[in-house]
Amino acid sequence: MIKVTDSFERIVHWGLALSCIALMISGLGMMYHSFNFLAIPVGGLKYLKYVHNFIGLIFIVSVLFAILMWWKEAGILKFPEDVEWIKVAGGYLWHVDNVPEVGKYNPGQKAFFIAVALCGLMMSVSGLIMWFPLSLPVVWVRTMYFLHALGFFIIFPFFFVHLYLGTICSPGSASAIFSGWVTRAWAKKQHPKWLKEMEESGQLEVYGK
Amino acid sequence: MGSNAAANHPISFKYVSKAMERGAKMISVDPRFTQTSSKADIYAALRSGTDIAFLGGMIKYILDNNFIQEKYVKYYTNAAFLVNPEFKLPGEKDGIFSGLEGHTYNKSTWAFQTDAVGVAKKDMTLQDPNCVFQLLKKHYSRYDVETVSKITGTPKDKLLAVYKEYAKTGETGKAGTVMYAMGWTQHTVGVQNIRSMAIIQLLLGNMGVAGGGVNALRGEANVQGSTDHCLLYHILPGYLKTPLASQATLAGYNTANTPTTVEPKSLNWWKNYPKYMSSLLRAHYGMNATLDEAYSYLPKLDNGKNYSWLSLFDAMYRGKFKGFFSWGQNPACSGPSSNKTREALSKLDWMVNVNIFDNETGSFWKGPGMDPTKIKTEVFMLPCAVSIEKEGSISNSGRWMQWRYKAVNPPGEAMADGEIINELFHRLRDLYTKEGGPLAEAITKLSWNYGPMGTDCKIHHLDPHSIAKEINGYFLKDTEIKGKVYKKGTLVPSFAYLQDDGSTSSGNWLYCNSYTEKGNMAARRNNSDASGIGLYSEWSWCWPVNRRIIYNGASVDPDTGMPWDREKPVIMWNGFKWVGDVPDGVAAPGGGRPPFIMKPHGVGSIFGPGLADGPFPEHYEPLECPIEENLMSPQFINPVIARWDEINKNGIDLRATCNPKFPYVCSTYRVTEHWQTGVMTRWTAWLAELQPDMFVEMSVELAKIKGIKNGEQVIVKSARGEVDAVAIVTGRIKPFEVGGTTIHEVGIPWHYGWVTTAMRKYVTGDKKPEVFTSGDSANLLTPFIGDANTMIPESKAFMANVEKKGV
Amino acid sequence: MTEKITLCDLSKCIGCRACQVACKQWNQLPAGQTHNSGSYQNPPDLQPNTWAVIKYQEISDGNGGVKWLFRKDSCMHCTDAACVKVCPSGALYYTKYGTVGVNNEKCIGCKECVAVCPFGVPKYDAKTDKVFKCDMCLSRIENDMEPACVKACPTGGLQFGDKEEMLKAAYERVEVLGGDASVYGDKFVGGTHMIYILPEKASVYAGLPEHPRVPLSVIAWKDWLKPLSLLAAGGVIGASFLHYITHGPKTPDEDGDQVNTKGGE
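Residues numbered from 1 in each chain as written. Chains lettered and ligands numbered in written order. Predicted model: local features only at pLDDT ≥ 70, side-chain atom pairs only at ≥ 80, totals over all residues. Heavy atoms only, no water.

**Quick look at the packing of aromatic side chains**
Geometry of an aromatic ring pair is reported as the spacing of the ring centres plus the angle between the planes.
All names here are of chain C.
Right, so step 1: Counted by the stated rule, this structure contains 64 aromatic pairs over all chains.
Right, so step 2: Here Tyr40 and Tyr56 contribute two aromatic rings whose centre-to-centre distance is 5.8 Å and whose plane-to-plane angle is 65°, an arrangement assigned as edge-to-face. Of this pair, Tyr40 sits in the loop between α1 (18-27) and β2 (53-60) while Tyr56 sits in strand β2, placing them 16 residues apart in sequence.
Right, so step 3: Judged by relative accessible area, which is 4%, Tyr40 ranks as buried. (Phe/Tyr/Trp six-rings, centres within 6.5 Å; stacked < 30°, edge-to-face > 60°. Helix = DSSP H or I, 4+ residues; strand = E, 2+ residues; numbered from the N terminus. Buried < 20%, exposed > 50% of the residue type's maximum accessible area, 1.4 Å probe, protein only.)

Set out below in structure tokens:
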């Protein structure tokens, strides 16, 4: 088994992921009247708003850590390999004989990181302002409402694809973020270049074979 | 003019608004641009205290351009009457009329010329130099537009615009009205202000017609009732005169007060005076005394003495009073020169404060500047009920009496005023019966059938209906009039049936007809209007005898009886009788009876010799004024006003005229949100929220000179006192150009007092106050001086200064 | 039910504030401590406990004189109400009269309505964590009575009635007034149910927007982004399912044969 993530990474990821899910559900309950029923378990929309606001604080902290932690590896496109990868859609959409080898994170993952970073920050700022809408001139506050909705519009597709790709679309991926360990076969399939570099530099943590 | 109806009588403004929708033009003349001005077709500013100059200019304009309603003027006014040729006008006498002796006028030269029989001589061509019309012309020839503009500070074009528009109502069939209030009355020339307008209305034929009249906007919901029932010292209910000490008998009193006339056809309704007096005495004493005895019980005024507010408080200030009932009033804030008033209260042995809340009067002894250890006055607070906690009636500006009902019980120990008086009466009567005392019968012989009798032969609760009936009056014995027999104990149908022999009673002859065998007329609520001109003759009841427009005999042509205004007639002859409003003593058409039936001559007085300060209004400056001389004449101020500043040399009544310490004209006024001294409204949170603080309004120009910013704290001072206020700097006040000098004017509301809800002691369960007001009374600044005829204080024009607080 | 309009004729308003107090009385709103800051206007603006406030304004009349304008500021009851659009709980809702009702029990204090109202009407109260505004006396109009303010107005400056009737009266009055007079309210936000008759140009009145509209950000958010978000979410879930059943999962090579159950890799 290969170690791919350390505990700090996983804690930040899950903090971000769980808070994001909770925010999306609670946000949904407030955004659409037909979803108002989502407030019932917490005793009403007023409390749902508290849930959303306070979990938002967790989200903000998580996203800041996430950005600080991953921006070097996941936030910068490497040329020319990332462009080549994009051209073939990573082999996910049609059959590709040889998927170009990319670093620890592929451009798809990088796109997701950038989306989460930017939208996450945007959601944080707009969310805070929406929490205290009387503190700024209304023209700014109104823009925030739009941006917050836009953020969801952008994040949700990325999030779902990330969920899909991290679970049923790529079996073996989930353990990377749950236990932090993956099989050598998975690593070879998904991130061959990274595996080679780690082995050569001697940084690879292996358990068993 | 002289009022601000939109702000202070907004309900009346509903009708002004409707009239304007139908094409009426509204003119607003006020030192300040007010809420009323904001809706006016023409607004003209004038310096406080110069209304007579302004209106005198209008009289000249009307006469010069012949806008008078000629037939009306000839037949319905004394314009044609000839005056004693010895009579001299102010233009010929350095600003005074002939006959001034010291501080009073000998009016012998003011009399009409009469023929051998005593009938006034008249010149119906209005040409004789001694006729009232020509004298009027001569007098107001001095009120040319240039001079008027210099005095009032109103630009000439504005004056002419106002004159031109209003003079249009002189056309036969057209009418104009004026709504006035304290802006006219609260001056040393107050009555003459109103007289000026009365003259204008008579010249234009606007009295006794629909849409005409000189209409007072009364300042309190039932002040009309209080004046009708004569709470003032010089009159008895129904505007009868308080007896003088020299009038020892009822007969002598009646002779002195019953006018006679030899004018043919003049109805001279006051000839019935003795009937009303006798009926009044019966109402007070019933059959417990003869008429002469009853008369002897009435208090009499010392001849020549004045007992009005100013005299009263001056005497109190000198320690002449032991006790004082401050009943439903707040003199510490409402009387002029509050420092003098508050000081005066400290000289009393005892005071009874009957009011719904504590106020600056009851608590005067702990007010600012007072040392309670040095004050011996014992104050009794008797809490009383408010208007909705008792049943009774009120009378409005239109003389309409309306019955009102009780909605809730008064709280705690509070009692209706009538009940308090009832209690007092019984205890006083008991004391007098037991101990005797000077003129004890005046109390012990009073008849008091105003409620159900208890087993102790006392009335413990008043029945307002029995009081109302008493006011209407009863037949005290079976009486036959015009073939009909009226049984003893029945209600008199109208004052025409009152007798002078003591066989009828009536607590107020004017209200006789208000509660008859047909029922409580004041309680009627039929809101249909058969007249089409807004008479609503079956809504409540109006005195006299439900006549809504008095002197309506003047609304028709004297020969033909046709209404001047065919489209809006008040009364009309249908061939047999007058229909429409209750006709006012007018004879059949062509009958020639002059319509102003309460006057001995039956005509409206353009020349008014009955007043203390002149038969024609003449412009005099207010007691305190900003310029050194009267631009109209050498006579600076009204020559016949009582001068306390000359009597009291100790400085409490200090006058400051043309004094650089007090360079600005100051006036007082009201706001919509507060009422009187604010005792009720400052305690009402919603109202206190609207207008929380005492303020002073001043022009942008003045604020610049003094370096005062809008909203800043300032102090307004006069020679008599000072008050803190918030500055409202506004473009609605502009400086006046008076005779070449720039004069600034400021204005302050008089609704505030130093007692606030913040000081009250609260017990558990009391509703806590939400809002506190700030400020003290405007009357701290006003001068202790009054009108020559009525003694109403000159609160509308005096001199003051405004300084930033902390300077 | 027919749409109702409260017609506010500013040419008749005398700034007496009977309406302001009547509103407080009917709705039992408490007063608050105020201070005179140099004007009759108090409280200075609408508040959670002040649902109608008269605004006082002095302007020059162009002739050396002055005009004094009075305006009753209160909820305009828009047909396209930004506040109703954004309210997450439905505390703000359209009534059958076309007015905007307020159900304070449902209000969660998010203050979105406060931020988006083009007229700045709803006001937030920190103590109760709720937003308050005029509801055109719904409890009265449901019982065939006119709103409290209309009843109290002495000059007839306030009238209440069916929409067509009131608009007709408004245009007739503007015809009579002439000059710069205009009807304000029927031409934007779908038409308001508080209609002004303005004797002066709208631009003259302080605090009165000349061209009020539902903010673009609100339209973009509620009319575009919301449905688009649902589409996008549904779309991406659907697309993922489609991808799975057509393209299949990506499995690691070392698990033996390339497991390829469906279609090509």
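**Regarding the interface of chain C and chain A**
Right, so step 1: In this assembly, 44 residues from chain C lie in contact with 45 residues from chain A.
Right, so step 2: For the pair chain C and chain A, the summed buried area comes to about 3900 Å², and 66% of that belongs to carbon and sulfur atoms.
Right, so step 3: Linking chain C to chain A there are zero salt bridges.
Right, so step 4: Linking chain C to chain A there are 14 residue pairs in polar contact (both at pLDDT 80 or more).
Right, so step 5: Looking at the side of chain C that touches chain A, the elements with two or more residues in it are α3 (112-116) and α7 (216-246) of chain C.
Right, so step 6: The element contributing the most residues to the side of chain C that touches chain A is α7(C), with 17 residues.
Right, so step 7: The residue inventory of the side of chain C that touches chain A, partitioned by class, reads 24 nonpolar, ten polar and ten charged. (Contact = heavy atoms within 4.5 Å. Buried area = accessible area lost by both parts, 1.4 Å probe. Salt bridge = Lys/Arg side-chain N within 4 Å of Asp/Glu carboxyl O. Polar contact = N/O pair within 3.5 Å; in protein donor to acceptor, adjacent residues only side chain to side chain. Nonpolar A, V, L, I, M, F, W, Y, C, P; charged D, E, K, R; others polar.)

**Thoughts on the interface of chain C and chain B**
When the parts of a complex come together, some accessible area is lost, and that lost area is often taken as the interface size.
Right, so step 1: Across the contact, 40 residues belong to chain C and 39 residues belong to chain B.
Right, so step 2: Buried surface at the junction of chain C and chain B, both sides included, amounts to about 3000 Å², of which 55% is carbon and sulfur.
Right, so step 3: Its largest share of buried area at the contact with chain B, chain C owes to Asn36(C), Tyr40(C) and Trp68(C), together 22% of the area lost on that side.
Right, so step 4: Summed over the shared surface of chain C and chain B, the number is four salt bridges.
Right, so step 5: Run the count over chain C and chain B and you get 18 residue pairs in polar contact (both at pLDDT 80 or more).
Right, so step 6: Elements with a contribution of two residues or more to the side of chain C that touches chain B: α1, β2 and β3 (66-73) of chain C.
Right, so step 7: Looking at side-chain class alone, the side of chain C that touches chain B contains 15 nonpolar, 19 polar and six charged residues.

**Examining the nonpolar core**
Right, so step 1: With 217 residues, the main nonpolar core has Phe54(B), Leu203(B), Leu240(B), Met277(B) and Phe616(B) as its most contacted residues.
Right, so step 2: The element that contributes the greatest number of residues to this core is helix α3 (residues 51-64) of chain B, accounting for nine residues.
Right, so step 3: Counting only domains with at least three residues in this core, you end up with domain 1 (4-213) and domain 2 (215-265) of chain C.
Right, so step 4: If you look at the next biggest cluster of nonpolar residues, it comprises 25 residues, including Val12(A), Cys20(A), Trp70(A) and Ala117(A). (Core = buried A, V, L, I, M, F, W, Y, C linked by side-chain atoms within 4.5 Å. Domains from an automatic or database assignment.)

**Some points on the domain arrangement of chain C**
All names here are of chain C.
Right, so step 1: The domains assigned to chain C are domain 1 (4-213) and domain 2 (215-265).
Right, so step 2: A separation of 49 Å is found between the C-alpha centroids of domain 1 and domain 2.
Right, so step 3: On the domain 2 side, the residues contacting the six residues of domain 1 number five residues.
Right, so step 4: Here domain 1 meets domain 2 over a buried area of about 510 Å², counting both sides, of which 70% is carbon and sulfur.
Right, so step 5: Of all residues in domain 1, Lys85, Val86 and Val116 bury the most surface against domain 2, accounting for 71% of the area lost on that side.
Right, so step 6: Inspection of the domain 1/domain 2 interface yields one salt bridge.
Right, so step 7: Here Lys85 ties to Asp223 by a salt bridge, and the two come within 3.3 Å at their closest N and O atoms.

**Section: empty space enclosed by the protein**
Right, so step 1: Across all of its chains, the model carries nine cavities of 30 Å³ or more by this definition.
Right, so step 2: Of the volumes computed, that of the largest cavity is approximately 700 Å³.
Right, so step 3: Residue lining of the largest cavity: 33 residues in total, with Gly27(A), Met30(A), His52(A), Met130(A) and His148(A) positioned closest to the centre.
Right, so step 4: Mapped by element, the contributors of at least two residues to the lining of the largest cavity are α1 (7-31), α2 (45-74), α4 (107-131) and α5 (138-166) of chain A together with α7 of chain C.
Right, so step 5: In terms of residue class, the lining of the largest cavity is made up of 21 nonpolar, eight polar and four charged.
Right, so step 6: Taken as a whole, the second largest cavity spans an internal volume of roughly 140 Å³.
Right, so step 7: What lines the second largest cavity is a set of 16 residues, and nearest its centre among them are Lys72(C), Cys134(C), Met136(C), Cys137(C) and Cys149(C).
Right, so step 8: Its residues placed into classes, the lining of the second largest cavity shows ten nonpolar, four polar and two charged. (1 Å grid on protein atoms, 1.4 Å probe; cavity = no way out; pocket = protein on both sides within 12 Å on 5 of 7 lines; lining within 4 Å. Points joined across faces, edges and corners; volume = space filled by probe spheres on them.)

**Quick look at unusual backbone geometry**
Right, so step 1: Cis peptide bonds are those with omega within 30 degrees of zero, and the linkage from Trp543(B) to Pro544(B) qualifies with -5°.
Right, so step 2: Relative to the helices and strands, Pro544(B) is located in the loop between β18 (541-542) and β19 (571-573).
Right, so step 3: Asn42(C) connects to Pro43(C) through a cis peptide bond whose omega is -15°.
Right, so step 4: With respect to the helices, strands and loops of the structure, Pro43(C) is situated in the loop between α1 and β2.
Right, so step 5: At Gln676(B), a residue that is not glycine, the phi angle is positive and equals roughly 50°.
Right, so step 6: Structurally, Gln676(B) is set in the loop between β21 (664-669) and α21 (685-690).
Right, so step 7: Assessed through its relative accessible area of 18%, Gln676(B) is described here as buried.
Right, so step 8: Phi angles above zero are rare outside glycine, and Arg17(C) is one such case at about 70°.
Right, so step 9: Mapped onto the elements of the fold, Arg17(C) is located in the loop between β1 (4-9) and α1.
Right, so step 10: For Arg17(C), a relative accessible area of 1% gives the class buried.

**Some remarks on helix α7 (residues 156-167) of chain B**
Right, so step 1: Its twelve residues give α7(B) an end-to-end C-alpha distance of 16 Å, which sits within 8% of 16 Å, the value for a rise of 1.5 Å per residue.
Right, so step 2: Turning to α7(B), the residues buried within the fold contact β1 (27-29), β2 (42-44), α3, α6 (145-152) and α9 (190-203) of chain B. (Expected span 1.5 Å × (residues − 1).)

**Quick notes on the packing of α5(A) against α7(C)**
Any two packed helices are characterised by the angle at which their axes cross and by the distance between the axes.
Right, so step 1: For the pair α5(A) and α7(C), the least separation of the axes is 9 Å and the interaxial angle reads 0°. Regarding the angle of α5(A) to α7(C), the classification is roughly parallel.
Right, so step 2: Considering only residue class, the contact of α5(A) with α7(C) consists of 20 nonpolar, five polar and one charged. (Axes fitted to C-alpha atoms, helices over the stretch in contact; angles between N-to-C directions. Parallel < 35°, antiparallel > 145°, perpendicular 65-115°, else oblique.)

**Here we look at a nonpolar patch on the surface**
Residues and elements named next belong to chain A.
Right, so step 1: Together, Val42, Tyr47, Tyr50, Phe54, Leu57 and Leu128 give the surface a local cluster of nonpolar side chains, amounting to about 520 Å² of exposed area.
Right, so step 2: In this structure, Tyr50 sits in helix α2.
Right, so step 3: On the basis of relative accessibility, which here comes to 33%, the residue Tyr50 falls in the partly exposed class. (Patch = residues over 30% accessible without salt bridge, like charges linked within 9 Å, V, L, I, M, F, W, Y side chains within 5 Å. Areas by Shrake-Rupley, 256 points an atom, 1.4 Å probe, with all protein chains shown as cover.)

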